[in-house]
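# Coordinate analysis (summary)
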Amino acid sequence: GSMIRAVLLSILIVFAGVGAARAQGGGFETPPVLSAADAAPPNLVKGEGFRIADRVPTDGLTAVFTLKADVGTSEVHGVETLALRVSELPALRELGKASKTATFTKALADAAKRPVKAAAQMVQHPVDTVKGLPGGLSRFFDRVGSGSERLYDAATDESKSGSQRTEQVAKSTGQLTMDALGYEQERRKLAKQLGVDPYTTNTALAAKLDEFAKVAFYGRVGLNTLISVAVPASLVITSTSVTRDLVYDTPRGDLIVRNENALRAMGAKDEQIRALQAAPGFTLSAQTELVEQLGTLRGVAGRPAVVTLAGTAKTSDQALFLVRAVRMLAKQHAEKPIAEIHAAGTVFAKRRDGRFIVPAAVDYVAWTERLARFANRSDLAAKQRTVLLTGRMSPRAKKEFEALGWHVAEHASD
């Protein structure tokens with residue numbers, strides 16, 4: 001009995017080691033649990049003050065990481081979001097240290113003495129929690145969205161007054177209505193010094209940025225006095241220095257107007273733009289990067305459809321997926337021109353040579369019923385079609401896609 005158990009255990013270990021997925025009824029795979037080393041690059045598996053749990057479940061598209069850091073433990077969806085959270089750790093560590101200094105404590109006391117005007121109320125971007133929110137990334141690969149979900153309607157709801165709609169847009173773009181523009185400027189300056197996104201969806205970091213900006217502004221202390229070092233992190237949401245400079249150096253209101261004007265120039269309607277601004281998933285940084293990348297697709301038909309789909313993003317994971325999809329297509333366009341871009345369920349493009357390109361910023365694709373439906377979509381039927389993955393497919397999924405005439409390109413960069 002013990003020998004049989006040992007043999008069975010060794011077989012299970014072998015299967016777990018290769019991330020094998022067992023077939024279920026109907027011939028589909030169960031998304032596997034990967035090891036940390038198999039799911040993320042070495043610099044994200046462990047580093048100074050953090051490590052990820054060794055067991056990494058997948059949901060058919062995305063890896064779900066448990067990030068254990070000296071500043072707290074959190075659940076993170078996807079390699080790209082993991083890179084973002086890891087890049088924010090040095091800033092959190094530095095802010096934690098600085099908040100214990102005598103200089104900060106005195107400045108905090110001074111700030112508390114100053115009256116804050118009645119309207120001074122901080123409104124942060126509503127940070128999404130994955131629990132209870134529908135869909136994850138799978139919604140982009142299932143049936144094409146119903147009409148009711150094609151446009152996120154918080155900004156276009158005629159039952160709400162103009163001021164209520166404005167407030168909704170303000171919340172989703174990370175508006176800070178703290179007394180004067182000086183406060184918002186302090187917060188951006190601090191984020192730049194720390195190399196993090198001023199509109200971050202990391203609740204712990206957002207709270208610290210608020211606290212330090214408030215102390216600097218109301219305590220009338222220079223940020224350089226409160227924070228002694230510049231932390232070598234990066235604004236991971238973007239690959240372009242243009243977006244980085246815009247996010248750090250442009251007042252929030254000016255940046256919103258700039259994005260609006262750019263989207264209008266591409267043919268987007270006001271209701272599409274308002275829906276994007278109100279989408280819970282899209283921070284102002286993510287909106288800016290989306291606008292920049294769409295801008296590089298000059299002359300490509302169909303860009304307003306992407307704005308419509310972006311307006312339905314309910315989580316930051318969904319927003320980041322769309323930003324990266326457009327970034328991947330912009331890179332493709334620079335190599336072989338794209339004629340038109342579509343946004344039906346997910347984003348895809350048709351090149352001038354007739355090939356369909358479907359960009360997918362996903363970690364590990366298993367052959368599930370949902371993916372089978374996607375692979376067989378009639379509107380994606382073409383003689384030449386490529387699915388472009390930042391991650392990889394299971395051997396089974398790759399085999400099934402190729403049997404249907406897809407070219408599968410894994411580990412594509414954006």
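Described below are features of the structure shown in this document. The residue numbers shown here count from 1 along each chain, following its written sequence. Only residues with pLDDT of 70 or above have their local features reported here, since the model is predicted, and side-chain atom pairs are shown and tallied only from 80 upward, although totals for entire chains, interfaces and linings are computed over all residues. Each side-chain value is worked out from all heavy atoms of the structure, with water and hydrogens disregarded.

## Observations concerning the sheet that holds strand β6 (residues 72-77)
Strand pairing is defined by DSSP finding a minimum of two bridges between the two strands. Going along the chain from the N terminus, every DSSP run of H or I of four or more residues is numbered as a helix, and every run of E of two or more is numbered as a strand. One open sheet holds the 4 strands; their spatial order is β2-β3-β5-β6, and the pairing between them is antiparallel. Strand pairing shows two members of the sheet lacking a second neighbour, β2 (46-47) and β6, which therefore form its edges. As paired elements, β2 and strand β3 (residues 50-52) share 2 bridges and run antiparallel to each other. Within the sheet, the bridge partner assigned to K46 lies in β3 and is R51.

## Digging into the pairing of β6
Across 6 bridges, the pairing between strand β5 (residues 64-69) and β6 is antiparallel. Bridging from a neighbouring strand, V64 pairs with H77 of β6. Between β5 and β6, which pair antiparallel and follow one another directly, the connecting turn spans 2 residues.

## Things to note about helix α13 (residues 284-296)
Expected span, for any helix, means 1.5 Å times one less than how many residues it has. Over its 13 residues, α13 extends 19 Å from the first C-alpha to the last, a length consistent with the 18 Å expected when each residue adds 1.5 Å. Think of it in three bands: residues with accessible area under 20% of the maximum for their type are buried, residues over 50% are exposed, and the middle band is partly exposed, with areas taken using a 1.4 Å probe on protein chains only. Counting buried residues in α13 gives 12 out of 13 residues, a clear majority hidden from the surface. Looking only at α13, the buried set comprises L284, S285, A286, Q287, T288, E289, L290, V291, E292, Q293, L294 and G295.

## So, the packing of aromatic side chains
The aromatic pairing rule takes the rings of Phe, Tyr and Trp, using the six-membered ring of Trp, and pairs them if the centres are within 6.5 Å, calling planes under 30 degrees apart stacked, those over 60 edge-to-face and the rest tilted. A full pass over the atoms with the stated rule returns 8 aromatic pairs. Here F104 and F212 contribute two aromatic rings whose centre-to-centre distance is 4.5 Å and whose plane-to-plane angle is 35 degrees, an arrangement assigned as tilted. Taken together, the positions of F104 in helix α5 (residues 102-113) and F212 in helix α8 (residues 203-218) put the pair 108 residues apart, joining distant regions of the chain. One exposure class covers both F104 and F212, and it is buried. Of the aromatic side chains, those joined through ring pairs into one cluster are F140, F141, F321, W367, F374, F401 and W406.

## A word on the pairing of β5
Note: β3 against β5, 3 bridges, orientation antiparallel. Its bridge partner lying in β5, I52 is registered against L67.

## A word on the packing of helix α11 (residues 252-265) against helix α12 (residues 270-278)
The axes used here are C-alpha line fits, helices contributing only the stretch in contact, and every angle between their N-to-C directions lies in the interval 0 to 180 degrees. Closest axis-to-axis distance for the α11/α12 pair is 10 Å, and the angle between their directions is 140 degrees. The orientation of α11 with respect to α12, classified from their angle, is oblique. For the pair α11 and α12, the crossing hand works out as right-handed. Facing I256, E260, L263 and R264 of α11, the residues of α12 in contact are D270, I273, L276 and Q277. Any angle that is under 35 degrees is reported as roughly parallel, and any over 145 degrees as roughly antiparallel; angles of 65 to 115 degrees are reported as roughly perpendicular and all others as oblique. The handedness criterion is simple: a crossing whose near helix is rotated anticlockwise from the far helix by less than a right angle is left-handed, and one whose near helix is rotated clockwise is right-handed. The contact criterion used throughout is that any non-hydrogen atoms of two residues lie within 4.5 Å.

## Focus on the nonpolar core
Grouped together as the largest cluster of nonpolar side chains are 60 residues, with contacts concentrated most on F141, L263, F282, L290, L294, V362 and F401. Looking at this core, the element that brings in the most residues is helix α15 (residues 316-335), giving 8 residues. Not counting chain neighbours up to four residues away, the residues in contact with F401 comprise W367, L371, F374, A375, V387, M393, W406 and V408. In this text, buried Ala, Val, Leu, Ile, Met, Phe, Trp, Tyr and Cys residues form a nonpolar core when linked through side-chain atoms within 4.5 Å.

## Some words on unusual backbone geometry
Despite not being glycine, H411 shows a phi value in the positive range, around 55 degrees. Within the fold, H411 resides in the segment after β15 (406-409).

## Topic: helix α14 (residues 303-310)
Counting buried positions over the 8 residues of α14 gives 6, a clear majority of the element. Buried within α14 we find R303, V306, V307, T308, L309 and A310. The inward-facing, buried residues of α14 contact α11, α12, α13, α15, β9 (338-344) and β10 (346-351).

## Overview of the sheet that holds strand β13 (residues 385-389)
The strands that make up a sheet are held in pairs by hydrogen bonds between backbone atoms, and each pair lies either parallel or antiparallel. If you trace the 5 strands from one edge of the open sheet to the other, you get β9-β10-β11-β13-β15, paired in mixed fashion. In the strand order of this sheet, the two ends are held by β9 and β15, each with one partner. Between one strand and the next, the sheet's axes are offset by a mean angle of 25 degrees, whatever the strand orientation. One ladder, built from 6 bridges, connects β9 with β10; its direction is antiparallel.

## What to know about the environment of R324
Of note, R324 is situated in helix α15. A sequence separation of 36 residues divides R324 from A360, and the C-alpha atoms of the two residues are 8.1 Å apart. Sequence-distant contacts of R324, that is, excluding residues within four places in its chain, are made with E80, A361, T390 and D414.

## Structural notes on the side chain of Q332
Mapped onto the secondary structure, Q332 falls in helix α15. Filtering out sequence-adjacent residues up to four positions away, Q332 remains in contact with I338, R351, I357 and L388.

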